[in-house]
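What follows is the residue order along each chain.
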Amino acid sequence: MIQEKAQTSIQKEYSNLFEIDANLDRLVKRIELLSYVNPQNIEKEKQRFFGSKYTCEPEFKYPKLKFNPYKLHRLFFSQRLERIKDDTIRKFYQEVIYYYANMIQCIETIGKGKNFYYNSLRVFGTPTEKDVQNAQFILHYDNETLSGDMEKVFSPQDAKDYFEHFTKQYDFPLNVRFSTNIAADAMVSNSSQTLLIKKNTRFSKNQLLTLANHEIGIHLVTTYNGLQQPLKVFSNGLPKNVETQEGLAVFSEYMGGALTLKRLKELAYRVMASDSLIKGYSFADTFDLIHGQYKLNRDEAYSITLRAHRGGGFTKDRLYLSGLRKIYKRYQREESLDILLSGKVSLDSENHIKYLQDVGLANPITHKSLSFTQKLNTNTTLDSILNNLK
């Protein structure tokens, strides 16, 4: 950690930067996209969709905005970046503000069809031809025989107990809250450092291990590492951080011995669902692709379709597989992953982070992902697949 005396000197030398960083921190706390893009009536619309024999388009309702998008936009762009004398850092913060501004536009247009979809594209992009080919390559593999570990027999309270026990390995607290308004079975709220657990679902033993390695082993690790950085931008998120963060999280599943071919196929289905958006597929069309053509069971197919179509077309899910491929390739090259755990950061920002470390504005990580030292995967099929992704 930076020594207290040196920290005081750095605070003085970069006082304008710290002021702007603190301003952005206050503003960005109000724009956590996932708290707005998850529909409030998921289960009701699911039953209506199934009752229509998969033909009627769901009519999702979303939380009301708790901020004025125009005013918030103006506040982001009113930051006097010219006061940051270091050219490298000033340009870096320009990119950060553009990223946050795009996020505001995403949230502002949730539920407004193509308007949201095009804003989503600006932030998360769309699957490349290579992404689709990798997904199809994975989906060509025959399903493995499911073990007893895949049976969904654990309650949300069982999951809470499991996650609390898992977190004892780490030197940070675990806040847990049950929710009925999340698309995933569990997810981390970065702004409140809380693990949200879906209230009306069941979990398998493998799923608990998967979620623990994914949500706690990476998302909470990077949340708490980010909070211990001098600059708050590390915990709020750097541009393009989602692909890297989700890639690390799935890689943590692999290293922790939780990743299965079924899970890898789930990521591939997500790519195909995201790709269907650019082809103009409706919700029913995408569901038919995943359930009718690829023969995934209807509950899982609905969940994947929902994740892609929520808001009006949400392409975030296409990044899990490409992120895993990039992190796995880096691991194969025996390059350290530590710098990517320093907060909500991206591979693209690695040079910026190193620069900030060199001038005393970024700390080495405090918390490591324990799975990265375990290497518990024994599934040779997964190794073969990951080694052959383009």
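First, a word on scope: everything that follows refers to the structure included in this document. Within every chain, residues take consecutive numbers counted from 1 along the sequence as written. Where totals are concerned, whole chains, interfaces and linings use all residues; where local detail is concerned, this predicted model gives features only for residues with pLDDT of at least 70, and gives and counts side-chain atom pairs only at 80 or more. Side-chain numbers here rest on the full set of heavy atoms in the structure, without hydrogens or water.

A pair of strands counts as paired when DSSP detects no fewer than two bridges linking them. Helix numbering and strand numbering both begin at the N terminus, where a helix is a DSSP run of H or I of at least 4 residues and a strand a DSSP run of E of at least 2. One open sheet holds the three strands; their spatial order is β2-β4-β3, and the pairing between them is mixed. Edge positions in the sheet fall to β2 (175-179) and β3 (186-189), since each of these pairs with one other strand and no more. If you compare each strand with its neighbour and ignore which way they point, the axes differ by 30° on average. Pairing analysis gives five bridges linking β2 to strand β4 (residues 194-198), with the strands arranged parallel. Across the sheet, the residue bridging to Phe178 is Ile197, located in β4. Throughout, a residue-residue contact means that at least one pair of heavy atoms, one from each residue, lies within 4.5 Å. Angles run from 0 to 180 degrees between N-to-C directions of axes, and those axes are lines fitted to C-alpha atoms, restricted for helices to the stretch in contact. Most of the contacts of helix α9 (residues 156-167) go to β4, to which it runs at about 150°, and overall it touches β2 and β4. Helix α10 (residues 205-227) contacts β2, β3 and β4 of the sheet and is inclined by roughly 5° relative to β3.

Topologically, Thr260 is positioned in the loop between α12 (241-255) and α13 (261-278). Residue Thr260 is classed as buried on the basis of its relative accessible area, which comes to 15%. Other than its neighbours up to four places away in sequence, Thr260 contacts Met150, Asn206 and Leu382. Using a 1.4 Å probe on the protein chains alone, a residue whose accessible area is under 20% of its type maximum counts as buried, one over 50% counts as exposed, and one in between counts as partly exposed.

A few words now on the pairing of β4. Within a regular strand, the side chains alternate between the two sheet faces. Burial of β4 is extensive: five of the five residues sit out of reach of the surface. Of the two faces of β4, both are covered, the one formed by Thr194, Leu196 and Lys198 as well as the one formed by Leu195 and Ile197. Across four bridges, β3 lies against β4 in antiparallel orientation. The residue bridging Val188 from the neighbouring strand is Leu195, located in β4.

Interpretation in functional terms is not warranted from these geometric data alone.
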